[in-house]
Amino acid sequence: MTHSLKDAINLHRQKAEWEEMIPLAQEILSKDPGDIPALRSLAEAYDRTDQTEKTIEIWRILVDRHHEITPFARRLGLALKAKGDSAARTYLEQALTVAIDRKVMSEVEEIWLELMELPTLRPSFFLDYAARLAGRREKQRAGELLLIYVESASLEPTDRLACFRAVVDYLPDRQSEFREPLVEAFRAVYSNRPDLSKLIDLSNITFAESLPEAVIQLDRYLKFGEGQYFYHNGWGAGKIRRIDPGQQRVYIDFAKKKEHMLTLEMADKSLTPIPAGDLRAMWLEDEDKVRELARQNPVALVKSALISLGGKANAKELKDALLNCPISEVDWQKWWTAFNKKIKDDHFVEVTGASLKTYTLRDEPEGPDDEYARRFRECRTLRGRLDILGDYRGHLGDSCRPDLLNQMAHDLVSKASITKSDSEAAETVFVIHDLSSASSVKQEHLDQILFPILHSLDRAVGALEGLKSVQLQSRFFALMEEHLKNQLAEAYERLLFDGPDSIRDLVAEHVAKTHEEDVLPSLFRKVRGVYRDEPGLFVWFARRLLNSRESAEAAGITRPTLIEHLIGLHEVLGYRVRTSKKDNSAPLRANMADIRQILKRSGFKRLREILTETDATEARHLWKAADHAVGIEDRLRKEITGYLLAHFPEIQSGGEESRSAEASPTPSPSRLLCLLESLEAKREQLKRLKEVEIPQNSREIESARALGDLRENAEYHAAKERQGVLLALVGQLQEEIARATAIREEDFATDSVGFGSRVQIRFGDKERSVAILGPWESDPDEDVLSYESPLGKTLWGHGVGETLEAPAHGSMVPVTILGIEAYSGHPALVGQ
C-alpha cells in the first residue's frame, strides 16, 4: 500500500501536481510518522504551494528529529530569518558547520553572508568559524570572509584588532594591505598609551619583512605599560613603574619588592597580566578602599575576587580569596549572608549549585530568561532540559517569555522523538501540554510520541514506573486505562510488586472502578506467603486491610493476625538493618518507619479497636510477638500486652501448645555473648570513631560553617547530621562493649543448644545445619544465626530429640533437634 502511494506521489511530482501530493504523503505519515521520503515530499508540496508555516513545520521535523541537516537546515534558517525568528541562528549555524566540514565553499560563503545580517552575533562567533575553516586547510577563504566581515561591521576597537590579527595570519601574502589598518587598530585600542608611537617604531611593524613577528614584538612592549598590573607566583601582585624598550627592561613595584627590574623576556615568561579590577591589584593599590568597598558594595568586591580566580569559583574558594583581604573571620558569616541576598539581583553573576554554590562572572549582563535559554541550549540530555524548563517556569511563573517557551517546547519534541526513555518521552508530552497557548506544537506531533508507548503494555508499564511525579503517574495511568483497557489486568501483579506505593494506589483505584473485587485479595494471599521477602508490598496491603474488618476477612486474614505479622516483620527488618551495609539499609528503615506509623495511627485508637477482635489463639501469638520484640517502642508493647493480659490472663502461663513453643529450660542470656575476635574488632571500631572519624567530621563542620548562610548551607547540615550519627554509634558501641562477654572456643555448648553450638535440625520437612553465635557474628546467608533471632530463641537451651515450634512465614513450623556439636567455622564473622 505504502509503495503504491509513493509511486503515485512521484507521478504527481513529475506533473507538478503539488496539491495532489499532500493527502498522499499525509496518509503515509499517519501510519509511519518517521517516513523520511514522505516528509520530504510533503515539505516540497507545501513549499511549492507557498504554505510557508506548514513548510517550516515539516523542515523542523526533518532537521530536529531526523537530522536532515544538509538539505534543509539552511532553507529552514533562511525562512525563520525572514520571519525575524531568533531560532534562525541555530539552523544557519548547523548548515554552516556541515558546509565547512564538507568543503562546499559556495554554501559557506552564502551562509556566512546571511549570518552577518543577524544583529545578535558577536565577533567571536565569526572568529571561531574562521578558525574552523582555516583548520580545514582553507586559510585564504577564512581570511577573505573575515575581511568582508571586518569591512562591513561596526566593531569595537578590541574586536577589530582581534579580527585583523587573524586576517594577517590567514593571508600572509597580502601583508602590505593590512599594515596601515592594523596599526590604526592598535592605536584605537591603546589610545591611552603616551608611548605608543615610540613602541610602534621600535617594533618596526610598518616596515618589518615579517608582519606577524613584528606584531608579537609590539604585543610584548604593550603588555608592560606603565601603571599596568601583573601577578608573580612568588612575589604576588605588582604594578609596572616604567619600561625601557631600548634596554629591553621593565621595572615593577611588588608589595615587598619595590622597583624590581626584569628583562622583557623574563617578564614575559614569569608575569601574568591582571586587570585593574582584579582584587589582587586593588589590594596592592589601596587596602582602605577595598575595605570600604566591602562595606558599601559586597557584590562589586566579589566580582573583583572572581576576576582574580579566573571568572569562576565556589563559595570556599571565594572565602579563601576574601578572608582577611579584607573580610575578617569574625565578620565573615554576616557579610556573606548579606552578599547572597544582593547577588540575586545582579545580571553579571550566575549562581549555580545547591550545597556548595558556584559563582560565574559573565562577560555581558544576562537576565533570567537569557540565562535559562543558554542553559537549555547547552544541555544535551532530555532529562536535563525538562528540569531546566521546570526550573524556569517555577522561578518566573507567568513572566516567562512565550517565544522562549515555544522554542523550548519544539526542542523538547525533537529530543523526545528520538529518546530511548519512554518515561521521559511521556513526561515531555505532559509538560508541553501544560504550556497551553505558549506552545505552537501540534497535538498530532505529541500523539506520534505517546501513542506507540501506549500501544505496548510492556512499554507503557515501563514508562509509568519511570515517572517520579505522583501527578504525572496519575495522568499517564489514566491514558493507560483509556488505551490498554482489558490488557491492563495483565500488569496488575508487576505494578504491585515493583511499586512504588503511589502506583499501587492507582491500581487499587482502578480495580475498584472496574469492580474486580477478587484481584487484591488474591494477590495478597500470594504476598502473605513471602511477606518477609516483599516487605514494602506487604506493608502497603496491611495499611489498606487494617482500615476495616471486612477488607481483612475478604483477603483471608484477621486484623489481629495482621498486627502480629507487622510486629514480626519489624523485628526481621531490624535484624537485617543491623547485619547489612549502610547503603542497603535505607529502604529497610523506611519500611520499619511505615510499620510504626501504621501501629500508632490515631494515637493507638485503631490498635485498641483491633485488639477487641482477638480470640484466645490469636491473643497467645500476638502476646508472644509483642513481648519478645526488641525493636518496637515500650509504649506500643505495653499497649498490646497490657490489653491481652487483662482479657486473656491465661496466655502468660499458656497451655500445652504454648509451652512447647515458648518454654526454654535456660533463659536467653542477659549479657551480650560474642567471640573474642568480635569484641576486639568492636573495640578497634570504637577507637577509630573517637580518634579519626569524629575529629575529621568536626573539621568538615567547621569548613562548612565558614561558607556562611547556615540556613541554606546543605554541606553544613549534612556534616552536622553525620556527627549525630557518629556520636550515636559511639554510644551504642560503648553500651554493647560494656555488657559484652567473650566466649572461648573450649566453652562452646554441646550438651544443649547454646553459644557456639552447631545444631542439626529438621525444619518442617527439610534438614538444615545452623550455628548459634551472637548478634555481632550473625550471617544468615552462611547459616550463622544470632541467639537473639527467632529460631535462635526457640532452640536455646534445648537438647537432642526435642521437637519445638518456630515462627516461619506467618505460621508455626515444627523443629526437631537432630544433633549438637561445637561450632568450628570461620572465626572472624564480625559485623557482617
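Up top is the structure these notes are about.
Reading the values: the criteria
Residues numbered from 1 in each chain as written. Predicted model: local features only at pLDDT ≥ 70, side-chain atom pairs only at ≥ 80, totals over all residues. Heavy atoms only, no water. Helix = DSSP H or I, 4+ residues; strand = E, 2+ residues; numbered from the N terminus. Rg over C-alpha atoms; globule rule 2.2 N^0.38 Å. Buried < 20%, exposed > 50% of the residue type's maximum accessible area, 1.4 Å probe, protein only. Contact = heavy atoms within 4.5 Å. Areas by Shrake-Rupley, 256 points an atom, 1.4 Å probe, with all protein chains shown as cover. Lys, Arg positive; Asp, Glu negative; His and termini not counted. Charge placed at Lys NZ, Arg CZ, Asp CG, Glu CD. Pairing = 2+ DSSP bridges. Axes fitted to C-alpha atoms, helices over the stretch in contact; angles between N-to-C directions. Polar contact = N/O pair within 3.5 Å; in protein donor to acceptor, adjacent residues only side chain to side chain. Expected span 1.5 Å × (residues − 1). Bend = angle between axes of the 7 residues up to and from the residue. Salt bridge = Lys/Arg side-chain N within 4 Å of Asp/Glu carboxyl O.

Chemist: Help me understand the overall build of the protein chain in this model?
Modeler: Across its full length, the protein chain holds 40 helices and 15 strands. Scaling as 2.2 N^0.38, a compact globule of 832 residues should have a C-alpha radius of gyration of about 28 Å, whereas the protein chain reaches 39 Å, well beyond that. Its C-alpha atoms give the protein chain principal-axis dimensions of roughly 115 × 85 × 50 Å. Taking all 832 residues of the protein chain together, the buried fraction comes to 45%. Within the protein chain, residue pairs in contact and separated by at least 24 positions form 57% of the contacts whose partners lie at least 6 positions apart. Roughly 42,000 Å² of accessible area belongs to the protein chain as shown, and the carbon and sulfur atoms make up 48% of that amount. Here the protein chain contributes 114 positive and 136 negative side-chain charges, whose respective centroids are spaced 3 Å apart.

Chemist: I tried to follow the sheet that holds strand β11 (residues 757–763) on my own but got confused; where do I start?
Modeler: Here we have 5 strands laid out as an open sheet, ordered β13-β12-β11-β15-β14, and mixed in their pairing. Here the strands that pair on one side only, and so sit at the sheet edges, are β13 (784–786) and β14 (803–808). Adjacent strand axes in the sheet meet at a mean angle of 45 degrees when their direction is disregarded. Pairing between strand β12 (residues 766–773) and β13: 3 bridges, direction parallel. Along β13, the bridge assignment pairs Ile 772 with Leu 785.

Chemist: Where do I start with the environment of Tyr 359 in this structure?
Modeler: Within the element layout of this structure, Tyr 359 appears in strand β8 (residues 358–361). Residue Tyr 359 is classed as buried on the basis of its relative accessible area of 1%. Aside from chain neighbours lying at most four places away, what touches Tyr 359 is Leu 306, Gly 311, Lys 312, Ala 313, Ala 315, Leu 318, Trp 336, Phe 339, Asn 340, Val 349, Glu 350 and Val 351. At 2.6 Å, the side chain of Tyr 359 and the side chain of Asn 340 are in polar contact.

Chemist: How do you make sense of helix α38 (residues 676–705) when you look at a structure like this?
Modeler: Given 3.6 residues to a turn, an α-helix orients residues that are three or four positions apart in the same direction. Relative to the 44 Å expected for 30 residues at 1.5 Å per residue, α38 spans 42 Å between its end C-alpha atoms, a close match to the ideal helical length. Along its length, α38 reaches its greatest deviation from straightness, about 40 degrees, at Leu 689. The set of residues buried in α38 consists of Ser 678, Leu 679, Lys 682, Leu 686, Leu 689, Ile 694, Asn 697, Ile 701 and Ala 704.

Chemist: I tried to follow unusual backbone geometry on my own but got confused; where do I start?
Modeler: Excluding glycine, residues mostly have negative phi values, and the peptide bonds linking residues are mostly trans. Cys 325 connects to Pro 326 through a cis peptide bond whose omega is 15 degrees. Inspection of the secondary structure puts Pro 326 in the loop between α18 (315–322) and α19 (332–342). Within the chain, Lys 103 stands out as a residue other than glycine whose phi angle is a positive 60 degrees. Residue position: Lys 103 is located in the loop between α6 (88–102) and α7 (105–116). Note on Lys 103: relative accessible area 42%, which makes it partly exposed. For Asp 783, which is not a glycine, the phi torsion comes out positive at approximately 60 degrees. Looking at the element boundaries, Asp 783 is found in the loop between β12 and β13. Classification of Asp 783 by relative accessible area gives partly exposed; the value is 27%.

Chemist: I would appreciate a short explanation of the pattern of salt bridges in the present structure.
Modeler: It is possible for side chains of opposite charge to pair when their charged atoms get near one another. Throughout the structure, instances matching the rule amount to 61 salt bridges. Between Asp 634 and Arg 637 there is a salt bridge, and its shortest N-O distance comes to 2.6 Å. Of this pair, Asp 634 and Arg 637 both sit in helix α36 (residues 634–647), separated by 3 residues, roughly a single helical turn. The buried category is assigned to Arg 637, whose relative accessible area is 14%. One salt-bridge network, held together by shared partners, links Glu 350, Arg 362, Glu 366, Glu 371, Arg 374, Arg 375 and Glu 378.

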